[in-house]
Amino acid sequence: MRYRAVAFDFDYTLGDSTDGIMMCVSHALESMGLPVPDIDTVRRSIGHPLDVAYRMYTGDDDPGNAELFSKHFIDKADRTMTETAVLYPDAIPLLEALKREGIPAAVVTSKFRRRVDAILELRGATHLVDAVVGSDDVTHPKPDPEGLVMAARLMGVRLEEMLYVGDTLVDADAAASAAVDFAAVLTGYGPEGRFDGCGAVTVEKDLTGIRRFLGLR
């Protein structure tokens, strides 16, 4: 095994929160009297911080409006996100394979840590993840390397000993900023060639491909 630890993004990497996110976006924008974007626009925003997502939906740079959007979004998410999120079918088998080999796993995500903790608990996967770093744990979100640096510290490994698995160029940029190897999965939103030239050590269709890349049983 080349790596001593593996970190994962959550949305479109380990699982899918699209249904819940769409509900929360609709609730927040409708509460502000603003139009709701189509599902493709929402999918493109997943993985970005809420203030960035708000600008993507509206073109509005007003930080006060972005804060209000975030408040409405979080209020709805606290009531709906855990139950509507799913893990991909090959997520738990991969996490179990890492656990058998004694390789710690982390989640580094733009979601709140409590949200990921609740999803993992509901799906019976809490024991398979050694650390969760959410947007509420860092001062600077991805693509800043802060979250990956924190995950490496929590798992007791050096950055060069860790692999980060993600589905967006934001994830790739975060890995590059942290000098961490990056592995891409194509379960996210965007053209298949979006990772060309990003320096990924591998680009796989899904987590089953990542498991093969890592040589895990």
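In case you missed it, the structure is sitting above this.
Residues numbered from 1 in each chain as written. Predicted model: local features only at pLDDT ≥ 70, side-chain atom pairs only at ≥ 80, totals over all residues. Heavy atoms only, no water.

### Re the sheet that holds strand 1 (residues 5-8)
Here's step 1: Spatial ordering of the open sheet is given by 5-4-1-6-7-8, a layout of six strands whose pairing is parallel. Each having just a single partner strand, strand 5 (131-133) and strand 8 (202-204) make up the two edges of the open sheet. Ignoring which end each strand starts from, the neighbouring axes of this sheet average 20° apart.
Here's step 2: In terms of strand pairing, strand 7 (residues 181-185) meets strand 8 through three bridges, oriented parallel. Along strand 8, the bridge assignment pairs alanine 183 with threonine 202. (Pairing = 2+ DSSP bridges. Helix = DSSP H or I, 4+ residues; strand = E, 2+ residues; numbered from the N terminus. Axes fitted to C-alpha atoms, helices over the stretch in contact; angles between N-to-C directions.)

### Focus: the layout of surface pockets
Here's step 1: Of the volumes computed, that of the largest pocket is approximately 520 Å³.
Here's step 2: Counting residues per element, the ones that place at least two in the lining of the largest pocket are helix 3 (50-58) and helix 4 (63-84).
Here's step 3: The dominant element in the lining of the largest pocket, judged by the number of residues it contributes, is helix 4, at five residues.
Here's step 4: In terms of residue class, the lining of the largest pocket is made up of 13 nonpolar, eight polar and five charged.
Here's step 5: As a volume, the second largest pocket reaches approximately 160 Å³.
Here's step 6: If you trace the second largest pocket, you find 13 residues lining it, with Arg44, Ile46, Thr168, Leu169 and Tyr189 closest to the centre.
Here's step 7: Among the secondary structure elements, those contributing two or more residues to the lining of the second largest pocket are helix 2 (39-45) and helix 8 (169-178).
Here's step 8: Here the residues of the lining of the second largest pocket are counted per class, giving five nonpolar, four polar and four charged. (1 Å grid on protein atoms, 1.4 Å probe; cavity = no way out; pocket = protein on both sides within 12 Å on 5 of 7 lines; lining within 4 Å. Points joined across faces, edges and corners; volume = space filled by probe spheres on them. Nonpolar A, V, L, I, M, F, W, Y, C, P; charged D, E, K, R; others polar.)

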